Amino acid sequence: MSWNDYQYIVDNMDTLEGMRTFTAVVTEGSFSKAAGRLGHSPQLVSKYVARLEDRLGTRLLNRSTRRLSITEAGQAYFDRCRQIVAAVDELEDAVGDLGTSLRGTLRINAPMTFGIHHLTPAIAEFQAQHPALRVDLALDDRVVDVVSEGFDLAVRITELESSSLVARRLAPVRLVVCGSPAYLRRKGEPATPADLAQHDCLDYTYWSGRNQWRFRSESRIEEVPTQGCFSANNGEALKTAAIAGHGLVLQPTFIVGDDLRAGRLVRVLPDHPVASLNVYAVYAHRQYLSSKVRAFVDFLGGYFGSAPYWDRDLDT
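This is a predicted model, so every value here is computed, not measured.

Student: Explain the packing of helix α5 (residues 112-129) against helix α9 (residues 291-304) to me, using residue names and the numbers behind them.
Tutor: Between α5 and α9, the least distance of the axes is 11 Å, while the angle of their chain directions is 120°. Classified by the angle their axes make, α5 and α9 are oblique. As α5 runs across α9, the sense of the crossing is right-handed. In this structure, α5 uses F114, H118, L119, P121, A122, I123, E125, F126 and Q129 to contact α9, whose residues at the interface are K292, A295, F296, F299, L300, Y303 and F304.

Student: Tell me what's going on with the pairing of strand β12 (residues 248-252), and back it up with residues and numbers.
Tutor: With five of five residues buried, β12 lies mostly within the body of the structure. Note: strand β7 (residues 175-179) against β12, four bridges, orientation antiparallel. Opposite V176, over in β12, you have Q251 as the bridge partner. In this structure, strand β8 (residues 201-204) lies alongside β12, joined through two bridges in parallel fashion.

Student: Account for helix α3 (residues 42-56), with residues named and values stated.
Tutor: Compared with an ideal rise of 1.5 Å per residue, which puts 15 residues at 21 Å, α3 spans 21 Å between its outermost C-alpha atoms and is within 8% of the ideal. Among all positions in α3, only V45, Y48, V49, L52 and E53 are buried. Projected down its long axis, α3 carries its buried residues within an arc of 135°, all on one side. Residues of α3 that are exposed and angled more than 90 degrees away from the buried face: Q43, D54 and R55.

Rules used in this analysis
Here the residue index of a chain counts from 1 through its sequence in written order. Only residues with pLDDT of at least 70 get local features here, since the model is predicted, and only at 80 or more are side-chain atom pairs given and counted; chain-wide, interface and lining totals rely on the full set of residues. Based on all heavy atoms of the structure, the side-chain values leave hydrogens and waters out of the count. Only the stretch in contact is used when a helix axis is fitted, and all axes are lines through C-alpha atoms; the angle between N-to-C directions ranges over 0 to 180 degrees. Helix numbering and strand numbering both begin at the N terminus, where a helix is a DSSP run of H or I of at least 4 residues and a strand a DSSP run of E of at least 2. The cut-offs work like this: below 35 degrees is roughly parallel, past 145 is roughly antiparallel, 65 to 115 is roughly perpendicular, and the gaps in between are oblique. Handedness of a helix crossing follows the sense of rotation of the near helix relative to the far helix, less than a right angle counterclockwise being left-handed and clockwise being right-handed. Note on definitions: a residue-residue contact is assigned when non-hydrogen atoms from the two residues lie within 4.5 Å. Only protein chains enter the area calculation, which uses a 1.4 Å probe; residues under 20% of their type maximum are buried, those over 50% are exposed, and those in between are partly exposed. Strands qualify as paired when DSSP identifies two bridges or more between them. Expected helix span is computed as 1.5 Å times (number of residues minus one). Here the arc refers to the directions that run from the helix axis out to each C-beta atom.

What is shown is where atoms sit, not what they do.
Given below as structure tokens:
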């Protein structure tokens, strides 16, 4: 190999690393966060981006002491960079399939409570099988943009809507209405969904049908208006309020199941089932799905399954 050939390879590897670094900076919104994600120092991250700008002859990012913003040229470059970096990662993963272990970083987004109590133990078991794999888990109850925010996949609990993303069902999610024994002694137990009008109903603010609880009535869905004095954007907070006697709550059994078993909460309206949801793994459609995403989604399908462990020994 000649010196020119060697220099050409080094320059192109340096450009690819610069593209990868620049993509991380834009996705994370700062040099320091990108450095943490990539395992580099902030100084090295800044150096890679500056070298990339020198090579291109244009400014990609506007920097100040308080904020970082992307230029018009930077946005156009970022859109293509993301595709190129993803394609290189997919190629490396495809070749890596010939080996026995998964490598690299798997970026996952998931809802807060489900992520803490159910997804994190699953990740720990998965990483025990693949010790060379690094997982970056972001917990957030809002619906993120998987592609623009740089996630490999998101775990969502929802009614599946039309989307350009690929979704795989991992497990069913049962929703139940329940309240504390003290609240039910004070306010009585509703006999029908219509009786909820006389009750304090704790509201989940991220629900698309806010202030309306949906029940299955034969072959149709019945939407029942609700009202109450407390709302929150997290199911764990709503459960805590319900246990404290603030009102009735509509929550998944993966959140309230242990409290139902222990008697801290009591299920009401058992003869009026609530419209159910599902746990999905959602990821961008790619011609070559990376081996780490494919392996993790397959693992989760088996870990949770059609009869998830959080519903065991729970009265139907």
